[in-house]
Amino acid sequence: MLKLASWNVNSLKIRLDQVLEWFDSERVDVLAMQETKLLDENFPMNAFIEKGYHVVFSGQKTYNGVAVISRYPLSDVLTDIPDFNDPQRRILVVTVAGIRLINLYVPNGSELTSDKYQYKLNWLQKVTTFIQQQMSIFPNLAVVGDFNIAPEDRDVHDPAEWAGSVLVSPAEREAFMQLLQLGLYDSFRNFIQDEQIFSWWDYRAAAFRRNRGLRIDHILLSKSLNALCRQSVIDKEPRKSERPSDHAPVWVELDLNVS
């Protein structure tokens with residue numbers, strides 16, 4: 001089995017020890033991280049290398065930033081969408097253990113009337129085109145990360161309260177559906193899940209304790225990988241830690257033998 005995970009860590013500098021402990025204790029093989037919030041020269045590369053892990057990263061001061069750590073070698077790295085000039089560090093693509101892994105930190109969008117919302121929709125369109133191209137080359141493909149989209153009302157603690165907001169707008173949900181229409185599968189929905197299971201909770205108003213959350217962190221799998229998916233889980237335990245990320249890690253187990 002191969003355990004593939006994704007986690008918006010909301011500052012790796014603050015949560016490095018949490019990440020290392022979770023990676024080890026949960027026996028994760030590959031972890032895609034978002035919102036590392038570190039310049040490349042400040043990335044704690046040695047903390048991973050000293051433990052025998054492979055690591056690649058693409059960072060930016062204060063905001064954004066993506067990284068992948070792995071027990072297996074990482075190759076064929078891309079840090080930008082071809083023909084899309086975007087200074088924000090939001091995508092990292094690697095090949096690992098026979099999987100083409102696309103790690104995304106999708107823009108939040110701010111609010112429906114903002115330029116940031118239009119940037120988000122345009123970014124998603126560019127990414128979708130890129131993913132389609134990658135799928136034509138790599139049959140074993142996974143698209144993971146913080147998508148900043150709750151695909152359905154059942155992924156929202158109170159749909160009426162969120163109506164008219166980013167993360168749930170019709171255009172964002174349509175963009176998510178376009179990814180699925182490429183031939184990707186939402187791994188979490190492969191299995192019967194409890195109701196009101198989320199991956200993000202605001203720090204304010206005791207949102208986590210009250211389970212006022214959204215499911216916006218996803219692992220999408222190509223058809224061949226989806227057939228090998230044996231579990232898809234949102235792990236809420238790290239969200240209970242002292243000084244946690246506002247996101248919980250999500251992971252899948254794939255019936256893959258990696259030499």
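As a convention, each chain's residues are numbered from 1 in the sequence order in which they are written. At least 70 in pLDDT is required for a residue's local features to be given in this predicted model, at least 80 for side-chain atom pairs to be given and counted, and no such filter applies to totals for whole chains, interfaces and linings, which use all residues. Note that the side-chain values use all heavy atoms of the structure and ignore hydrogens as well as water.

### Observations concerning helix H3 (residues 115-135)
Right, so step 1: Only DSSP runs of H or I covering at least 4 residues are called helices, and only runs of E covering at least 2 are called strands; the numbering of each starts at the N terminus. Multiplying 1.5 Å by the helix residue count minus one yields the expected span of that helix. For H3, with 21 residues, the first-to-last C-alpha span of 30 Å sits near the 30 Å given by 1.5 Å per residue.
Right, so step 2: Three or more residues of H3 are buried, namely Tyr-117, Lys-120, Trp-123, Leu-124, Val-127, Thr-128, Phe-130, Ile-131, Gln-134 and Met-135.
Right, so step 3: Contact criterion: two residues are considered in contact whenever any of their non-hydrogen atoms come within 4.5 Å of each other. Elements in contact with the buried residues of H3: strand E5 (75-78), strand E6 (91-96), strand E7 (99-105), strand E8 (141-146), helix H5 (170-181) and strand E9 (184-186). Buried means the residue's accessible area, taken with a 1.4 Å probe over protein chains only, is under 20% of the maximum for its type, while exposed means over 50%, and partly exposed covers the values in between.

### Quick look at the sheet that holds strand E3 (residues 54-58)
Right, so step 1: At least two DSSP bridges between two strands are required for those strands to pair. In space, the six strands of this open sheet follow the order E3-E4-E2-E1-E14-E13, with mixed pairing throughout. At either end of the open sheet lies a strand with only one pairing partner, and these are E3 and strand E13 (229-234). For this sheet, the mean inter-axis angle between neighbouring strands, taken without regard to orientation, is 10°.
Right, so step 2: Against the sheet, helix H1 (residues 12-25) contacts strand E1 (2-8), strand E2 (30-34), strand E4 (66-70) and strand E14 (250-254), and its axis sits at roughly 160° relative to E2. Fitted lines through C-alpha atoms give the axes, limited to the stretch in contact for helices. The angle between two N-to-C directions lies from 0 to 180 degrees.

### Focus: the packing of aromatic side chains
Right, so step 1: Only Phe, Tyr and Trp rings are paired, with Trp represented by its six-membered ring, and only when their centres lie within 6.5 Å; those with planes under 30 degrees apart are stacked, over 60 edge-to-face, the remainder tilted. Across all of its chains, the model carries seven aromatic pairs by this definition.
Right, so step 2: Seen in terms of ring centroids, Phe-43 and Phe-57 are 4.1 Å apart; in terms of plane orientation they differ by 10°. Their pairing is stacked. Of the two residues, Phe-43 is situated in the loop between E2 and helix H2 (45-49) and Phe-57 in strand E3; the sequence distance between them amounts to 14 residues.
Right, so step 3: Aromatic ring contacts, followed pair by pair, group Phe-43, Phe-48 and Phe-57 into a single cluster.
Right, so step 4: Only lysine NZ and arginine CZ atoms are considered, and such an atom sits over a ring when it is within 6 Å of the ring centre and within 35 degrees of the ring normal. Its end group placed over the ring of Trp-251, Lys-3 keeps NZ or CZ at 3.9 Å from the ring centre.

### Examining the UniProt feature "site: Interaction with DNA substrate" (unreviewed entry) in the chain
Right, so step 1: UniProt positions are given in the numbering used here, feature names are shortened, and annotations may be inferred rather than shown by experiment. According to UniProt, the "site: Interaction with DNA substrate" (unreviewed entry) feature falls on His-247.
Right, so step 2: Relative to the elements of secondary structure, His-247 occurs in the loop between E13 and E14.
Right, so step 3: With residues near it in sequence (within four places) discarded, His-247 still touches Trp-7, Asn-8, Asp-146, Ser-199, Trp-200, Ile-216, Asp-217 and Arg-239.

### A look at the sheet that holds E5
Right, so step 1: On the basis of which strands lie adjacent, the open sheet formed by six strands has the order E5-E6-E7-E8-E12-E9 and mixed pairing. Looking at the sheet topology across the chains shown, the edges are occupied by E5 and E9. The average undirected angle you get between the axes of adjacent strands in this sheet is 20°.
Right, so step 2: Across the sheet, H3 lies against E5, E6, E7, E8 and E9, angled at about 175° from E7, the strand it touches most.
Right, so step 3: Lying on the sheet, H5 is in contact with E9 and strand E12 (217-222); it crosses E9 at an angle near 125°.

### What to know about the UniProt feature "binding site: Mg(2+)" (unreviewed entry) in the chain
Right, so step 1: Mapped onto this numbering, the UniProt entry gives "binding site: Mg(2+)" (unreviewed entry) at Asn-8, Glu-35, Asp-146, Asn-148, Asp-246 and His-247. These annotated residues cover 240 residues of sequence, but their C-alpha atoms sit close together, with the largest distance between any two at 12.7 Å.
Right, so step 2: Inspection of the secondary structure assignment puts Asn-8 in strand E1.
Right, so step 3: Not counting residues within four places of it along the chain, the set of residues in contact with Asn-8 comprises Gln-34, Glu-35, Tyr-105, Asp-146, Asp-217, Ser-245 and His-247.

### Digging into H1
Right, so step 1: We define the bend at each residue as the angle formed by axes fitted to the 7 residues ending at it and the 7 residues starting at it. The axis of H1 is deflected most strongly, by about 35°, at Gln-18.
Right, so step 2: Within the span of H1, buried status applies to Leu-12, Arg-15, Leu-16, Gln-18, Val-19, Leu-20, Trp-22 and Phe-23.
Right, so step 3: Contacts from the buried residues of H1 go to E1, E2, H2, E4 and E14.

### Re the environment of Pro-73
Right, so step 1: Along the chain, Pro-73 turns up in the loop between E4 and E5.
Right, so step 2: For Pro-73, a relative accessible area of 54% puts it in the exposed group.
Right, so step 3: The spatial distance from the C-alpha of Pro-73 to the C-alpha of Ser-241 is 30 Å, given a sequence separation of 168 residues.
Right, so step 4: The residues contacting Pro-73, other than those within four sequence positions of it, are His-54, Thr-95 and Val-96.

### Topic: the pattern of salt bridges
Right, so step 1: In the sections that follow, a salt bridge refers to a side-chain nitrogen of Lys or Arg positioned within 4 Å of a carboxyl oxygen of Asp or Glu. The final tally for this structure, using the stated rule, is 14 salt bridges.
Right, so step 2: Ionic pairing is found between Asp-24 and Lys-51, a salt bridge with its closest N-O pair at 3.1 Å. Here Lys-51 lies in the loop between H2 and E3 and Asp-24 lies in helix H1, a separation of 27 residues in the sequence.
Right, so step 3: A single network of salt bridges, built from pairs that share partners, joins Asp-155, Asp-186, Arg-189 and Arg-215.

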